[in-house]
There are 2 protein chains.
Amino acid sequence: MERGERWINEDSEFRKAYVIADGWAIRYKLLEDGRRQILNFLIPGDLVGYFSLLFSTSICTVEPLTPLVVHSFTPEKAFDAFRQSPQLAVALSWLAAQAERQLDEQLVRIGRRKATERMAHLFMEINYRLLRAGAPPQAAKHFPLTQPLLADALGMSHIHTHRTFRELIRAGLVSLDAGKVVLRDRNALSRLAGFDSSYLEQGPLPAPTREALAR
Amino acid sequence: MERGERWINEDSEFRKAYVIADGWAIRYKLLEDGRRQILNFLIPGDLVGYFSLLFSTSICTVEPLTPLVVHSFTPEKAFDAFRQSPQLAVALSWLAAQAERQLDEQLVRIGRRKATERMAHLFMEINYRLLRAGAPPQAAKHFPLTQPLLADALGMSHIHTHRTFRELIRAGLVSLDAGKVVLRDRNALSRLAGFDSSYLEQGPLPAPTREALAR
DNA sequence: CGTTCGATTGATACCTGTCAACAAGAGTGG
DNA sequence: CCACTCTTGTTGACAGGTATCAATCGAACG
């Protein structure tokens, strides 16, 4: 898939879910007057449209930010797999649950953090997720994000986003390189954001759940 | 459970999930400096802690707003039930998916709507959900919400929340009655909020998913 | 070579947060 | 029963954050 193509879940009669193999995408909602809120950024390893298999209409849009490679699966395949392996069902549920935790944090970011905190926090989250997904440490510091995208993700105007971004640059925390955001000082960013990665960590299943699953 | 008791998921060694039978609760996160973001309001019929069965640490707090009656179930019971009835597993997943749609909309509300729109939109959502859960039309217009709660849910200061609330009262859209929010003019609220209920509607499962499940 | 999009800047208005203060009611403990 | 405290609701003044408007510039694109 190419950047800019609109990959709206609602239109596809033949419903599928996807896992992103390579590239970035965004999931967003539009208001009638054009205001846009980006709900989350989708990177390799992320699940797309899993829950939308349960609804006949989609309420949001997914759009590639870069050339995108995805794996897809149908509801039939999913249920067949679940019957053979409850572990797989739990694994997919885990991914969905993880995504919901990120939504929770996105809510805190927008609702209760100040502009610079918001931006720094988002950068740290993406960095963490890229590393978790297996990106090399250097690659995990480069984001293909424009200021309008940041604005719509952080719930600010693009102009204020620009000023906030400049502030982070001036403080030496980030920089711009060929249209890409580059993290320069993750420690300082983390401190500024009050970033606590615990909501992103992948521990083992709790013992009771593990035992119940094994039976 | 009584109001004010803290019902933190993290502390309970014996992990369970819950369905609210009666009463209201909130799910929220706190920042270190005391800022609080309410992620959602929980009303009868809502699922609590379902996904947290998959994690060993909780990242948010759940707290009753009113006297609360809940049903609980353990991971073992859940998995046993799923083995007997895939339909039940899908039903629970549907509830979780529905909750995520509400999170999406909460993000749009906070990120891209103005103060009065935010408040009106939240009121409409809760009204819709109460009706969907079987509340009588009159009861579905009365919310046990205080201004500090609204503030932390809408991502605004409690003072500005007060001003915004006064504005809705002045316009005759809502009123205060014995500490409760009362909806007076749902049509006007809906119009002001730009409320579109499609994200809350419960249609049938899409055909491919239904067929895959039936096999 | 127009056109579009992103980055950038300055001026201005306004929305929103903060500070300070007080009233009223609920609950608490003496 | 009376302080006393805590929460909620309320108001005004004020500062500051943020949005909006207007405009320029460069790069990418067709």
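Residues numbered from 1 in each chain as written. Chains lettered and ligands numbered in written order. Predicted model: local features only at pLDDT ≥ 70, side-chain atom pairs only at ≥ 80, totals over all residues. Heavy atoms only, no water.

S.K.: What exactly am I supposed to notice about the protein's contact with DNA strand D here?
M.R.: The immediate surroundings of DNA strand D are formed by 15 residues, with A:Ile159, A:His160, B:Gln147, B:Pro148 and B:Arg166 found nearest. Of all atoms in DNA strand D that approach within 4 Å of the protein, 67% are sugar or phosphate atoms. A:Ser157 has a polar side-chain atom sitting 3.1 Å from a phosphate oxygen of DNA strand D. Between A:His160 and DNA strand D, the recorded distance is 2.9 Å, taken from a side-chain N or O atom to a phosphate oxygen. Residue assignment for the surface near DNA strand D shows that the elements contributing at least two residues are α5 (158-170) of chain A together with α4 (147-154) and α5 (158-170) of chain B. The element contributing the most residues to the surface near DNA strand D is α5(B), with 4 residues. Its residues assigned to classes, the surface near DNA strand D shows 5 nonpolar, 6 polar and 4 charged. (Near = heavy atom within 4 Å. Polar contact = N/O pair within 3.5 Å; in protein donor to acceptor, adjacent residues only side chain to side chain. Helix = DSSP H or I, 4+ residues; strand = E, 2+ residues; numbered from the N terminus. Nonpolar A, V, L, I, M, F, W, Y, C, P; charged D, E, K, R; others polar.)

S.K.: Is there a simple way to think about the protein's contact with DNA strand C in this case?
M.R.: Neighbouring DNA strand C are 14 residues, the closest being A:Gln147, A:Pro148, A:Arg166, B:Ile159 and B:His160. Within 4 Å of the protein, the contacting atoms of DNA strand C are drawn from sugar and phosphate to the extent of 64%. Between DNA strand C and the protein, one listed contact pairs a phosphate oxygen with a backbone N or O atom of A:Gln147 at 2.7 Å. A distance of 3.0 Å is found between a sugar or linking oxygen of DNA strand C and a side-chain nitrogen or oxygen belonging to A:His162. Elements supplying a minimum of two residues to the surface near DNA strand C: α4 (147-154) and α5 of chain A together with α5 of chain B. The dominant element in the surface near DNA strand C, judged by the number of residues it contributes, is α5(A), at 4 residues. Residues belonging to the surface near DNA strand C are distributed by class as follows: 5 nonpolar, 6 polar and 3 charged.

S.K.: Please explain the relation of the copies chain B and chain A as it appears in this structure.
M.R.: Note that the two copies of the chain are related through a rotation about an axis and a translation along the same axis. In the superposition of chain B on chain A (RMSD 0.0 Å, axial shift 0.0 Å), the rotation amounts to 180°. The relationship between the two copies is best expressed as a two-fold rotation axis. Taking the C-alpha atom as reference, chain B places B:Leu107 closest to the rotation axis, 3.0 Å from it. Comparing contact sets, 100% of the residues at the interface of chain B also lie at the interface in chain A, consistent with an isologous, same-surface contact. (Least-squares fit on C-alpha atoms with pLDDT ≥ 70 in both. Contact = heavy atoms within 4.5 Å.)

S.K.: Looking at this structure, I do not really get the sheet that holds strand β7 (residues 69-73) of chain A. What am I missing?
M.R.: Sheets are built from strands that pair by backbone hydrogen bonding, the pairs being arranged parallel or antiparallel. All names here are of chain A. Taken together, the 3 strands give an open sheet; going across it, the order is β5-β2-β7, and neighbouring strands pair in antiparallel fashion. Each edge of the open sheet carries a strand with a single partner, namely β5 (47-48) and β7. Bridge count for strand β2 (residues 17-22) against β5 is 2 bridges, and the pairing is antiparallel. Paired with Tyr-18 across the strands is Val-48, a residue of β5. (Pairing = 2+ DSSP bridges.)

S.K.: Would you explain the packing of helix α2 (residues 86-112) of chain B against helix α3 (residues 115-132) of chain B in this entry?
M.R.: Pairs of packed helices are described in terms of their axes, by the angle between the two and the distance that separates them. Residue and element names in this part refer to chain B. At a minimum axis separation of 10 Å, α2 and α3 run at an interaxial angle of 165°. Classified by the angle between their axes, α2 and α3 sit roughly antiparallel to one another. Judged by the sense of rotation from one axis to the other, the crossing of α2 with α3 is right-handed. Facing α2, whose interface residues are Gln-98, Gln-102, Glu-105, Arg-109 and Ile-110, α3 presents Arg-118, His-121, Leu-122, Glu-125, Arg-129 and Arg-132. (Axes fitted to C-alpha atoms, helices over the stretch in contact; angles between N-to-C directions. Parallel < 35°, antiparallel > 145°, perpendicular 65-115°, else oblique. Left-handed = near helix turned anticlockwise from the far one by under 90°.)

S.K.: Honestly, the interface of chain B and chain A in this entry has me stumped. Any pointers?
M.R.: Interface size is commonly expressed as the accessible surface area that is lost when the partners come together. With 54 residues of chain B at the interface, the matching set in chain A holds 54 residues. Overall, the association of chain B and chain A removes approximately 5300 Å² of surface from exposure, summing both partners, and the carbon and sulfur fraction of that is 62%. When the area that chain B buries against chain A is broken down by residue, the three leading residues are B:Phe55, B:Leu107 and B:Arg112, summing to 15%. Linking chain B with chain A are 8 salt bridges. A salt bridge links A:Arg27 to B:Asp104, with the nearest nitrogen and oxygen atoms 2.9 Å apart. Our count for the chain B to chain A interface comes out at 24 residue pairs in polar contact (both at pLDDT 80 or more). When residues of the side of chain B that touches chain A are traced back to their parent elements, those giving at least two are β3 (25-30), β4 (36-42), α1 (75-84), α2, α4 and α7 (207-214) of chain B. Counting residues per element, the side of chain B that touches chain A draws most heavily on α2(B), which supplies 17 residues. Looking at the side of chain B that touches chain A residue by residue, the class counts come to 26 nonpolar, 10 polar and 18 charged. (Buried area = accessible area lost by both parts, 1.4 Å probe. Salt bridge = Lys/Arg side-chain N within 4 Å of Asp/Glu carboxyl O.)

S.K.: Looking at this structure, I do not really get the packing of aromatic side chains. What am I missing?
M.R.: One pair of aromatic rings is described through two measures. These are the centre distance and the angle between the planes. Evaluated as defined, the whole model comprises 15 aromatic pairs over all chains. Look at A:Phe195 and A:Tyr199: their rings are 6.3 Å apart centre to centre, the planes differ by 75°, and that puts the pair in the edge-to-face class. A:Tyr199 shares its class with A:Phe195; the two are buried. An aromatic cluster is defined as three or more aromatic residues linked by ring pairs; in this entry it consists of A:Trp24, A:Phe123, A:Phe143 and A:Phe165. B:Arg101 extends its terminal NZ or CZ atom over the ring of A:Phe55, reaching a point 3.7 Å from the ring centre. (Phe/Tyr/Trp six-rings, centres within 6.5 Å; stacked < 30°, edge-to-face > 60°. Buried < 20%, exposed > 50% of the residue type's maximum accessible area, 1.4 Å probe, protein only. Lys NZ or Arg CZ within 6 Å of the ring centre and 35° of its normal.)

S.K.: Just checking my understanding: could you explain the nonpolar core for this structure?
M.R.: A general feature of soluble globular proteins is that nonpolar side chains tend to end up buried together. Among the nonpolar cores identified, the biggest contains 40 residues, and A:Tyr50, A:Phe51, A:Leu54, B:Tyr50, B:Phe51 and B:Leu54 are the most heavily contacted of them. Residue assignment for this core shows that the elements contributing at least two residues are α1 (75-84), α2 (86-112) and α7 (207-214) of chain A together with α1, α2 and α7 of chain B. Among all residues touching A:Phe51, those that are not within four sequence positions of it are A:Ala96, B:Phe51, B:Ser93, B:Ala96, B:Ala97 and B:Glu100. (Core = buried A, V, L, I, M, F, W, Y, C linked by side-chain atoms within 4.5 Å.)

S.K.: Just to check I follow, could you spell out helix α6 (residues 186-193) of chain A for this structure?
M.R.: For an α-helix, 3.6 residues make a turn, and residues three or four places apart therefore share a direction. Residues and elements named next belong to chain A. Here α6 has its buried residues at Ala-188, Leu-189 and Ala-193. Looking straight down α6, one finds that the buried residues subtend no more than 125° of arc, so they occupy a single side. Residues Asn-187 and Arg-191 are exposed on α6 and point more than 90 degrees away from its buried face. Packing partners of the buried residues in α6 comprise α3 (115-132), α5, β9 (174-177) and β10 (180-183). Its side-chain oxygen 3.3 Å from the backbone nitrogen of Asn-187, Asp-185 forms the N-cap of α6. Phi turns positive, to about 65°, at Gly-194, one or two residues after α6. (Arc of directions from axis to C-beta.)

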